[in-house]
Amino acid sequence: MKIIHCADLHLDSRMTANLDPEKAKERKIELLNTFGKMVAYAAEHDVQAILIAGDLFDTNAISARARNFVKDRIENNPDILFFYLKGNHDANDTFLSTFEAIPENLKLFSDTWTRYELENGRIVIYGIELTKENADTVYTTLLPAPEPVNIVMMHGQAGEYRSKNAAESIDLSALRNRNIDYLALGHVHEIQEQPLPPRGKMRYPGCLEGRGFDECGTHGFWVLDIDTDNSTITDEFVPIAYRTLYEIHVDCEGSKTSPEIVSLCRDAIRSSGASERDLLKIVLDGATPIDCEKSPELVASLLRDDFYFLKVYDRTHTFVRYDDYALDASLKGEFVRAVKADETLSEDEKAEIIRCGIRALGGEEIAL
C-alpha cells in the first residue's frame, strides 16, 4: 500500500512579503496547483492515502477559491483517503463547513486519539490534535498494538522533552518503545528525519512550496510503500515545488567594480542550479577595498530580469591599506591618517568614513 505524507501546505498564504500584488496573486494560485499536482501524482501512482499533518491552510480567512479547490480534489478522488489533521494555523472549521456532508474519503481527527484501520487492520493510523488541555494525557493514552504497521500523525515541534508551550511540543522520548513504525509530523517547514527506536522513524516532509527565504531548498512530500506481509516500509521523497527559493552567498573579496561583482554573482547562481522560474536572495560577502565601486542596486538591476524574483543584500565590509597613505602628502593622505588616529571609532566605522571621504574629495556622489 502506498501512502503520501505531506504537511504545512499553508494554502491561501498572502505571499506579499517579497512579491508585488500581481506576483503574490500568481504564487497563491501556484500553491493551490501544487496541491493539485500532488493529488494527481497519487491518482497516477496508485497511492491510496494522503496524510496531511497539519496547516493545510494559512489562516482562518480562507478564500472560497481555495476552499472549493481542495474540496473538489477530495470529492473527485474517492479512491484516495485524505487524513486531515489540523495544525496551529487550522484553528477552526471554515474549510469543513464547505461540505454539505463530510465525504467518506476525508478522515478527521480531534483532541483525543483517533484510530483508523487500513488493509484489514494490518495498517493502523493514529492521530491527535495537540492542545494545552490534552498535553498531560497525549502519551499515556497512545497504545498501539505490536502486530500491525503503526503510523502516528501529530503537528508540533519535536524534541527530547516537553517544552513549556505544550500545545506545539512533541516529546520524542515519550514516543519511543510505543510500537510506532512511522511518526508523520508537521510544523517544521524543511525536511527532517531521525530514528524512533526500536522499530520506527520520525519525519517532517517540510512544505510543498517555499514561500519565503526562510524556506529555501527542495520541497515536496514523502511516499511510503508499505509491505504488510513483512511489516516493512520503504520510502521516497518526491520534489514537486513549481519554484525554488535560493539564498546565495557571493564572496566579493577584493572586487573593485559592480560589473566584477555581477560576474561573481552569475558564477554563483550557475553553481546553485537556480533556473529562471526561481526566487533568489543574493548576499554579497567578503572584504572590499575602499576604492571599490559597488552598487547593490545596479547589481540587482542587471540580474533580476533573468529570474522570477531577485533581491541583493550587501553584507560586505570595507578594508583600508593604511600603508598606502602613510607617505601621501595630499589632502586625501592627511584625511586617512586623521581618521586612523581617532581612537573613538571602530575599524569598520573608520573604513566607511574613509570610503565616503575619498569619494567626496573626488567629487563623486556619496552612497551611504
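The preceding data block contains the structure.
Now for a look at the structure at hand. Model, not experiment: these values are computed from the prediction.

## Observations regarding the overall build of the chain
Stage number 1. Tallying secondary structure elements over the chain gives six helices and 19 strands in all.
Stage number 2. Based on the C-alpha atoms only, the size of the chain along its principal axes is roughly 90 × 40 × 35 Å.
Stage number 3. Looking at the chain as a whole, 50% of its 368 residues are labelled buried.
Stage number 4. Nonlocal contacts in the chain, meaning residues at least 24 apart in sequence, comprise 67% of its contacts between residues at least 6 apart.
Stage number 5. Split by element, the accessible area of the chain, about 17700 Å² in all, is 48% carbon and sulfur.

## Considering the nonpolar core
Stage number 1. Ranked by internal contacts, the top residues of the largest apolar core, which has 41 residues, are I4, F35, I50, L56, F95 and F221.
Stage number 2. No other element matches helix 1 (residues 21-44), which puts eight residues into this core.
Stage number 3. Excluding its chain neighbours within four sequence positions, the residues that come into contact with F221 are I4, H5, C6, M38, Y41, L208, E236, F237, V238 and I240.

## Remarks on the sheet that holds strand 15 (residues 245-251)
Strands belonging to one sheet form pairs held by backbone hydrogen bonds; the direction of such a pair is parallel or antiparallel.
Stage number 1. Spatial strand order, 15-16-18: three strands in an open sheet with parallel pairing. Only two strands of the sheet have a single partner each, and these edge strands are strand 15 and strand 18 (309-314). Shown here is a sheet whose adjacent strand axes are inclined to one another by a mean of 20°, direction ignored.
Stage number 2. Along the sheet face, helix 3 (residues 258-272) touches strand 15, strand 16 (279-285) and strand 18 and points at about 135° away from the line of strand 15.

## Describing the pairing of strand 1 (residues 2-6)
Consecutive side chains of a regular strand alternate in pointing toward one face of the sheet and then the other.
Stage number 1. Summarising burial for strand 1: four of the five residues are buried, a large majority.
Stage number 2. The pairing of strand 1 with strand 2 (residues 47-53) spans five bridges and is parallel. Note on strand 2: the bridge partner recorded for H5 is L51.
Stage number 3. On the question of chirality, the crossover connecting strand 1 to the parallel strand 2 by way of helix 1 is right-handed.

## Brief notes about the pattern of salt bridges
Stage number 1. Taken as a whole, this structure holds 22 salt bridges when the rule is applied.
Stage number 2. D58 is the salt-bridge partner of R211, the closest N and O atoms lying 3.4 Å from each other. On the criterion of sequence distance, the pair formed by R211 in the loop between strand 12 (200-204) and strand 13 (220-227) and D58 in the loop between strand 2 and helix 2 (64-75) is long-range, its members being 153 residues apart.
Stage number 3. On the basis of relative accessibility, which here comes to 14%, the residue D58 falls in the buried class.
Stage number 4. Overall, R211 belongs to the partly exposed group, its relative accessible area being 21%.
Stage number 5. Salt bridges here are not isolated pairs; linked through shared partners, they connect R27, E30, E209 and R243.

## Remarks on the side chain of T316
Stage number 1. Structurally, the position occupied by T316 is in the loop between strand 18 and strand 19 (317-319).
Stage number 2. A polar side-chain atom of T316 sits 2.5 Å from a polar atom in the side chain of K294.
Stage number 3. Within polar-contact distance, the side chain of T316 engages the side chain of D314 at 2.6 Å.
Stage number 4. Not counting chain neighbours up to four residues away, the residues in contact with T316 comprise C252, L284, D285, G286, T288 and K294.

## Some thoughts on the sheet that holds strand 14 (residues 232-239)
Stage number 1. Strands sit in the order 4-3-2-1-13-14 across an open sheet of six strands; the sheet is mixed. Whereas interior strands pair on both sides, the edge strands pair on one side only; in this sheet they are strand 4 (106-108) and strand 14. Sheet twist, expressed as the average angle between the axes of neighbouring strands with direction ignored, equals 20°.

## Quick look at helix 5 (residues 331-341)
Stage number 1. Restricting attention to buried positions, one finds in helix 5 the residues G333, V336 and V339. Buried positions in helix 5, seen along its axis, are confined to an arc of 130° and lie on one side of it. In helix 5, the exposed residues that point more than 90 degrees away from the buried face are L331 and A341.
Stage number 2. Buried positions along helix 5 lie against helix 6 (347-361).

## Remarks on the packing of aromatic side chains
Stage number 1. Summed over all chains, the structure comprises eight aromatic pairs.
Stage number 2. Ring geometry for F213 against F309: centres 6.2 Å apart, planes inclined by 35°, an arrangement best described as tilted. Of this pair, F213 sits in the loop between strand 12 and strand 13 while F309 sits in strand 18, and the two are 96 residues apart along the sequence. Each member of the pair F213 and F309 is classed as buried.
Stage number 3. Among the aromatic residues, those joined into a ring-pair cluster are F57, Y84, F95 and F99.
Stage number 4. In this structure, K23 packs its charged tip against the face of Y308, placed 4.5 Å from the ring centre.
Stage number 5. Between R243 and the ring centre of Y308, over which it is positioned, the NZ or CZ distance is 3.6 Å.

Reading guide: rules and limits
- Residues numbered from 1 in each chain as written.
- Predicted model: local features only at pLDDT ≥ 70, side-chain atom pairs only at ≥ 80, totals over all residues.
- Heavy atoms only, no water.
- Helix = DSSP H or I, 4+ residues; strand = E, 2+ residues; numbered from the N terminus.
- Buried < 20%, exposed > 50% of the residue type's maximum accessible area, 1.4 Å probe, protein only.
- Contact = heavy atoms within 4.5 Å.
- Areas by Shrake-Rupley, 256 points an atom, 1.4 Å probe, with all protein chains shown as cover.
- Core = buried A, V, L, I, M, F, W, Y, C linked by side-chain atoms within 4.5 Å.
- Pairing = 2+ DSSP bridges.
- Axes fitted to C-alpha atoms, helices over the stretch in contact; angles between N-to-C directions.
- Right-handed = clockwise from strand over helix to strand, strands pointing away.
- Salt bridge = Lys/Arg side-chain N within 4 Å of Asp/Glu carboxyl O.
- Polar contact = N/O pair within 3.5 Å; in protein donor to acceptor, adjacent residues only side chain to side chain.
- Arc of directions from axis to C-beta.
- Phe/Tyr/Trp six-rings, centres within 6.5 Å; stacked < 30°, edge-to-face > 60°.
- Lys NZ or Arg CZ within 6 Å of the ring centre and 35° of its normal.

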